[in-house]
Amino acid sequence: MPARHRTPERDRRELEVLHRVAVALSQSLSTSEVLNALTRELVFGVDRASECAISLWDPARDVLIDAAAYTVHGEPAWPRGQVENPLDEYPATRSLLKRGRGWGEYRQSDPAISANDREVLELWGWKSMIEMPLVIEGRSVGLIEVADYRSSRRWSARDVAFCQTIASQAAMAVRNAQLYEDLQHRADRDSLTGLLNHRAYYDRLAQELSRCQRDGTQVGVMALDLDDFKSINDTRGHLAGDRTLALVAEALRTASRDTDVAGRLGGDEFALILPAVGEDVELVARRVLSAIASQAGVGASLGIAISQPGERDPLLVMARADRSQLEAKRAGKKTYRMSA
Amino acid sequence: MTRRYRQDERDRRELEVLHRLAVELPRSLSVIGVTDSLARELVEAVDRACECTISSWEPEHDRLVALSVFMRGTGISEEWRGHTYPLTDWPESRSLLESANAHREYRPDSEEWSDEVRALIAEWEWSSWVGLPLMVENHSVGLIELVDYGSSARWSPRDVAFAQTIASQAAMAVRNAQLYENLRAQVLTDALTGLLNHRAFYERVEAEMATARELGRDLSVIAIDLDDFKSVNDRDGHLAGDRLLRRVAEVLRGQCRESDAAGRVGGDEFLLALPGLGAEVSAVAQRIIKQTAAETGARASAGAACMRSGELDAASLIDRADAALLAAKRAGKSTFRLAA
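Here's a quick rundown of the structure. (Residues numbered from 1 in each chain as written. Chains lettered and ligands numbered in written order. Predicted model: local features only at pLDDT ≥ 70, side-chain atom pairs only at ≥ 80, totals over all residues.)

Another aspect to go through is the overall build of chain A. The helix and strand inventory of chain A stands at ten helices and eleven strands. For chain A, whose C-alpha radius of gyration is 27 Å, the value lies well above the compact-globule estimate of 20 Å for 340 residues. If you line up chain A on its principal axes, its C-alpha atoms span 85 × 45 × 35 Å. Here chain A holds 340 residues, and the buried ones make up 41% of them. Within chain A, contacts between residues at least 6 apart in sequence are counted, and of these 62% link residues at least 24 apart. (Helix = DSSP H or I, 4+ residues; strand = E, 2+ residues; numbered from the N terminus. Rg over C-alpha atoms; globule rule 2.2 N^0.38 Å. Buried ≥ 20, exposed ≤ 12 C-beta atoms within 10 Å, placed from the backbone. Contact = placed C-beta atoms within 7 Å.)

Now the structure itself:
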């Protein structure tokens, strides 16, 4: 903020806004909530801001992914979420992100504006817009756009600097949320195989059960137990055992459908959630058993259970799959059984 | 901040402090990092504060543990960090924390202090101080004390109110750091024993190998496995088995130096990493077998390996310790082998 623009009253208001932004952003450790709060605070705190949108940058795929937006009329009416915008249509924005500093301005009244940019402004009803990178620890992670519905006059250096100050103050809150979510992801995984751990598996199964209730579909579950796993540990050592477990996890991933979710529940116990399962469940079971045999070189016994209409308790479904799995084991291993 | 105390200039300064705090506090996701900044900012913002002590309240031990102590002129004191204060000596602080009241002013001549406490206060040269509970989501989690070395005059309501505003703004940063630290512990430790889990232990060995190469020092890994663990589980039940595992973990912790790392990486398999130890690791391993038998009654076998020059991979070093353990087990139980 250059000194010559300073007036005590404005200064004070800006400080109040900055303070409020900081308090608002520290309330959550979820990235999407923090970004939503940031768009809201920019609209409230910056005089000319009619709308603010934030998208996250994926440099590998050269796209921006919509993450949060807010307007003077409240939450925007258009669908938000995973809309991707390829950057090859926006070379100036791409180079702004690569630089990681500075800002860009687009105005309908600017005679030099490109046809493409003008079209975008008109489409959204933006008279003018400024964009700046969201920078965390020296790297751009996304783009902040602040739009004015009413005026296409130039944005003052002071307005831009104020937006930048808010953005840089938000960086730590965004970083903290990202660190926390990464850790959360790790906390849900079994460290040896990368599959869901016991707690996360049952959480997920409960979610799937209530979802299939809404969709009117059925959830299948599989309980697997390796045959004679203990002898691998005892004769070839724990590391050989660990390697076998990792190979089994890999086999589960390759043999199951894209929508299926695999978990490791304990020692050599694995499980699969199969949302919206139908006739194909036995096919998947046979594929899983043969993949485990060929990729991990061990046999497994597998039990299948299908959720009943109205069933919400993940423990009950898994208990049926466990019983079928014991039957399969008694029936002579390397096979599967399905509960009635 | 009540209206009648408002003076523009002072108000502005306070806003600036609050803004700076909002930027500073989220920089760290460790509780101590946050309380260090908070203690510093309080001393700088409140004129009369010569010292600020922030301690965490452990109601289960009825004590306070100093997290951060900042003294004007000398800064953060490492010397006082971690000091514990039994609340039986400080009944006024306990009642402040329990009632979660707004604040309390103290003088050295209070009737409540014992002679020892009076002597302590005299030694610290505290003339008057204000205590505020550190509140996170409506619970007292700690105590903030602002100390004046020179004057025992009453603290102005404005100073106290400002300190309270600062403390309440810090609450979310403290909570976020607590959440992060808890989740981190959950991700890195084995829930049953509190030792490192599989992934965390491998990461630790990876890091220790890099350090050992850099410093040209030795590094050894010991693999330990209980001889008849399965029969404990089968005979006495899983709870007895879990208890035994926890007691073995206790033995290992007791035998470890500060710089060693202990992990539980599977059912009854434990691993130790011992920086600075070469072939003398044999003596340590044998002591551990003896100590485990003495303290838990369980027999254990162990294998150890010393890092070879050029050995880069944690899995390779741990693999060799594991192979030595297997050789020990074949040679008879309660035995130790060192990898060639």
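Further notes follow.
Right, let's get into the overall build of chain B. For chain B, the count of helices and strands is ten helices and twelve strands. Relative to the 2.2 N^0.38 estimate, which gives 20 Å for 340 residues, the radius of gyration of chain B is 26 Å and therefore markedly larger than a compact globule would have. A principal-axis box enclosing the C-alpha atoms of chain B has dimensions of 85 × 40 × 35 Å. By the burial criterion, 39% of the 340 residues in chain B qualify as buried.

Glancing now at the sheet that holds strand β5 (residues 128-136) of chain A. Residue and element names in this part refer to chain A. If you walk across this open sheet you meet the six strands as β3-β2-β1-β6-β5-β4, and the pairing is antiparallel. Edge positions in the sheet fall to β3 (84-86) and β4 (104-107), since each has one partner strand and no second. The average angle at which neighbouring strand axes cross in this sheet is 30 degrees, direction not considered. Along the sheet, helix α3 (residues 91-99) makes contact with β1 (51-58), β4, β5 and β6 (139-148), crossing β5 at roughly 30 degrees. (Pairing = 2+ DSSP bridges. Axes fitted to C-alpha atoms, helices over the stretch in contact; angles between N-to-C directions.)

For the rest of this paragraph, the subject is the environment of G276 of chain B. Residues and elements named next belong to chain B. Mapping G276 onto the fold places it in the loop between β10 (269-275) and α9 (281-296). The spatial distance from the C-alpha of G276 to the C-alpha of L219 is 5.3 Å, given a sequence separation of 57 residues. The contacts of G276, once residues within four sequence positions are left out, are R217 and D218.

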